[in-house]
Amino acid sequence: MEFLDPLALARWQFGLTTLYHYLFVPLTLGMGLVVAIFQSAWVRTGNTKWLQLTRLFGKIFLINFAMGVVTGIVQEFQFGMNWSAYSRFVGDVFGAPLAFEGLLAFFFEATFIGLWIFGWDRLSKKLHLATIWMAWIGAVLSAYFILAANSFMQNPVGYQMAEDGGRAELIDIGAVLTNRVVLATFPHTMFAALMFAAAVVIAIAAWHLARNQHFDTMRPALRFGMWMMLLSFVGVAISGDQLGLQMVATQPMKMAAAEALYDTACGADASFSLFSLGTPDGTSEIWSLRVPYLLAFLSEHDLNACVQGINDLNAEYTQNWPAFADQLGGELPFAPVIWVTYWSFRWMMGFGAAAALVSVVGLWITRKKAKRAVPQWAWRVAIWSAPLPLLGSLVGWVFTEMGRQPWIVFGLMLTEDGVSPSVPGWNVLISLVAFTLIYAVLAVVEFGLILKAARKGPDPIPPEPGEGEDPESADMHVPTTVY
């Protein structure tokens, strides 16, 4: 690889900026629901501890949302900057769900977030509560439209090729929005986001409880976060299983690469290795811990199913797309980087399982009937385990996108054909360095603001209504200055 290879630099830039942007996405999706639930509990019960939690985690939600907007804008710029050939090829299809996201979902979300911020002392409690729920729904819709666009890259549907064969044209937006891949990817992404939000709630609550402060608010927050973590993990597991079935149906090479399975295997031979020692690409295995039949079951829900291997799939793809095979060259032109797909698939599951295990243990040792005080090491584990679900999501996206290679749109366009033809490598390098430095500064600012809000903890309980004051208006009044 040349140092100034435009393709390599463009891929690095898009990958790094995408992963950086995704640091904020799951927390926005998950924390929006957390805040809505806490505020609903306050409106329903009148207990001010839920109001305190709403305001505390509302600050974190808003900080994260603002930073996510800033980093998300850069993402769309790159389609025109570094990937203009790709944009011309699929712009008619890819642009439709992105337009829905920008013009409908995002403005819907932003409008109701604004109403929520400035409506504390202007709207009734129930109407104000509705604004945060609507803001969260807008965020969910935004995520769905973006995932629908990405799913077209994984499984192209709802299009036809132009007469000159130079671009894909949209013929069925319904097919794009109901792509079998997005129907499985969306719940998997949402549950993973809820896991990360739960981890943040757990970490903040554990930090305060370890210092014996804010017990009345932080204990219920801790227990809520742990239950939310476990329920979300179950959702991740179920939706991940369904996503695996769709992956095998649409991109069988990705499943083969996830197991470094070079030769087709059936039944007991289609085992899944929990851990392996050997060369990174799986060509020379020294030792592995395997579960017989598991890969067959994950692929087809059939213990006796056959799972196609990398070699057989590569031969099939070479026969189906000979021109692409000649262009790519090499022994296995249609195989992704195996060690990346193999380990990212396992790290994805491992990080999620570890986060769920922390919650299982935490629920046990913080139960009311526990005879011993929670040891300090347990609080530290709860705090430092906060990044686990996020790391699982990040490596999951690495697996999703790297496992699709060498395609930028599966079966239609190679990644190397999507890069801007007239952008020199030094130009991409400059923007890569600039974005990296700017994002590093933004990361420090983001983490600092969230850390400051988390350490401060819940604000004091608002004063009771004065004598003779209208109770309805008193319930409505929460100073906007807290934000």
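Quantities reported herein were computed from a predicted structural model and do not represent experimental measurements.

Comments concerning the overall build of the protein
Tallying secondary structure elements over the protein gives 18 helices and eight strands in all. Projecting the C-alpha coordinates of the protein onto the three principal axes gives extents of approximately 85 × 50 × 40 Å. A buried classification covers 52% of the 483 residues belonging to the protein. Counted over contacts in the protein with a minimum sequence separation of 6, partners at least 24 positions apart contribute 79%. A total accessible area of about 22,600 Å² is found for the protein, and carbon and sulfur atoms account for 67% of it. Averaging the locations of the 27 positively and 35 negatively charged side chains of the protein gives two centres separated by 19 Å.

What about helix H14 (residues 376-384)?
Among all positions in H14, only Ala-378, Trp-379 and Ala-382 are buried. Buried residues of H14, viewed axially, fall in a sector of 100°; they line one side. Of the residues in H14, the exposed ones pointing more than 90 degrees away from the buried face are Trp-377 and Trp-384.

Remarks on the confidence of the model for the protein
The share of residues in the protein with pLDDT of 70 or more is 90%, and the mean pLDDT across the chain is 83. Looking across the protein, the model is least confident in helix H18 (residues 471-476), with a mean pLDDT of 41, and most confident in helix H7 (residues 180-209), with 92. The low-confidence segment residues 464-483 (pLDDT under 50) makes 32 contacts with residues lying over four places distant or belonging to another chain.

Some remarks on the layout of surface pockets
Space inside the second largest pocket adds up to approximately 970 Å³. Along its surface, the second largest pocket is lined by 41 residues, and His-188, Gly-240, Phe-345, Met-348 and Met-349 are the ones closest to its centre. Only helix H5 (125-154), H7, helix H8 (215-250), helix H9 (252-259), strand E4 (272-278), helix H10 (294-300), helix H13 (338-365) and helix H15 (388-402) provide two or more residues apiece to the lining of the second largest pocket. Sort the elements by how many residues they give to the lining of the second largest pocket and H8 lands first, with 10 residues. By residue class, the composition of the lining of the second largest pocket is 21 nonpolar, 17 polar and three charged.

A look at the state of the cysteines
Taken as a whole and judged by the stated rule, the model has one disulfide. Shown here is the disulfide that connects Cys-266 with Cys-306, its sulfur atoms set 1.8 Å apart. Negative torsions about the S-S bond denote left-handed disulfides, and the value of about 105° found for Cys-266 with Cys-306 makes this one right-handed. On the criterion of sequence distance, the pair formed by Cys-266 in strand E3 (residues 265-266) and Cys-306 in strand E6 (residues 306-307) is long-range, its members being 40 residues apart.

Examining the nonpolar core
With 79 residues, the main nonpolar core has Met-31, Phe-57 and Ile-204 as its most contacted residues. The element contributing the most residues to this core is H7, with 18 residues. Leu-9, Trp-83, Val-409 and Met-413 belong to the second largest nonpolar core, which has 23 residues in total.

Examining unusual backbone geometry
With omega at 15°, the peptide bond leading from Gln-405 into Pro-406 counts as cis. Mapped onto the elements of the fold, Pro-406 is located in the loop between H15 and strand E7 (407-409). Positive phi, normally seen in glycine, also occurs at His-214, with a value near 55°. Here His-214 is to be found in the loop between H7 and H8. One non-glycine residue, Ala-260, lies in the positive phi region at around 55°. Relative to the helices and strands, Ala-260 is located in the loop between H9 and E3.

Regarding the packing of H8 against H13
Interaxial distance between H8 and H13 falls to 9 Å at its minimum, and their mutual angle equals 140°. Judged on the interaxial angle alone, H13 and H8 are oblique. Helix-helix and strand crossings are classified by hand; for H8 and H13 the assignment is left-handed. Listed contacts from H13 to Arg-223, Met-226, Trp-227, Met-229, Leu-230 and Phe-233 of H8 are Gly-352, Ala-353, Ala-355, Ala-356, Ser-359, Val-360, Gly-362 and Leu-363. Here the contact of H8 with H13 is built from residues that sort into 10 nonpolar, three polar and one charged.

Re a nonpolar patch on the surface
A surface patch of nonpolar side chains, amounting to about 670 Å² of accessible area, comprises Leu-274, Phe-275, Leu-277, Ile-286, Trp-287, Leu-289 and Val-291. Every element with two or more residues in the nonpolar patch is listed here: E4 and strand E5 (285-291). Top element by residues in the nonpolar patch is E5. It accounts for four residues. Of note, Phe-275 is situated in strand E4.

Re the side chain of Thr-189
Of note, Thr-189 is situated in helix H7. Non-local contacts of Thr-189, meaning those with residues more than four positions away in its chain, are made with Tyr-22, Leu-147 and Trp-397.

Side note on the packing of aromatic side chains
Considering all chains together, one arrives at 26 aromatic pairs under this definition. Taking 6.1 Å as the distance between ring centres and 75° as the angle between the ring planes, the aromatic pair formed by Tyr-317 and Phe-410 counts as edge-to-face. On the criterion of sequence distance, the pair formed by Tyr-317 in helix H11 (residues 310-320) and Phe-410 in the loop between E7 and strand E8 (413-414) is long-range, its members being 93 residues apart. Exposure class is identical for Tyr-317 and Phe-410. Each is buried.

Analysis parameters
Residues numbered from 1 in each chain as written. Predicted model: local features only at pLDDT ≥ 70, side-chain atom pairs only at ≥ 80, totals over all residues. Heavy atoms only, no water. Helix = DSSP H or I, 4+ residues; strand = E, 2+ residues; numbered from the N terminus. Buried < 20%, exposed > 50% of the residue type's maximum accessible area, 1.4 Å probe, protein only. Contact = heavy atoms within 4.5 Å. Areas by Shrake-Rupley, 256 points an atom, 1.4 Å probe, with all protein chains shown as cover. Lys, Arg positive; Asp, Glu negative; His and termini not counted. Charge placed at Lys NZ, Arg CZ, Asp CG, Glu CD. Arc of directions from axis to C-beta. pLDDT = per-residue confidence, 0-100. 1 Å grid on protein atoms, 1.4 Å probe; cavity = no way out; pocket = protein on both sides within 12 Å on 5 of 7 lines; lining within 4 Å. Points joined across faces, edges and corners; volume = space filled by probe spheres on them. Nonpolar A, V, L, I, M, F, W, Y, C, P; charged D, E, K, R; others polar. Disulfide = S-S within 2.5 Å. Core = buried A, V, L, I, M, F, W, Y, C linked by side-chain atoms within 4.5 Å. Axes fitted to C-alpha atoms, helices over the stretch in contact; angles between N-to-C directions. Parallel < 35°, antiparallel > 145°, perpendicular 65-115°, else oblique. Left-handed = near helix turned anticlockwise from the far one by under 90°. Patch = residues over 30% accessible without salt bridge, like charges linked within 9 Å, V, L, I, M, F, W, Y side chains within 5 Å. Salt bridge = Lys/Arg side-chain N within 4 Å of Asp/Glu carboxyl O. Phe/Tyr/Trp six-rings, centres within 6.5 Å; stacked < 30°, edge-to-face > 60°.

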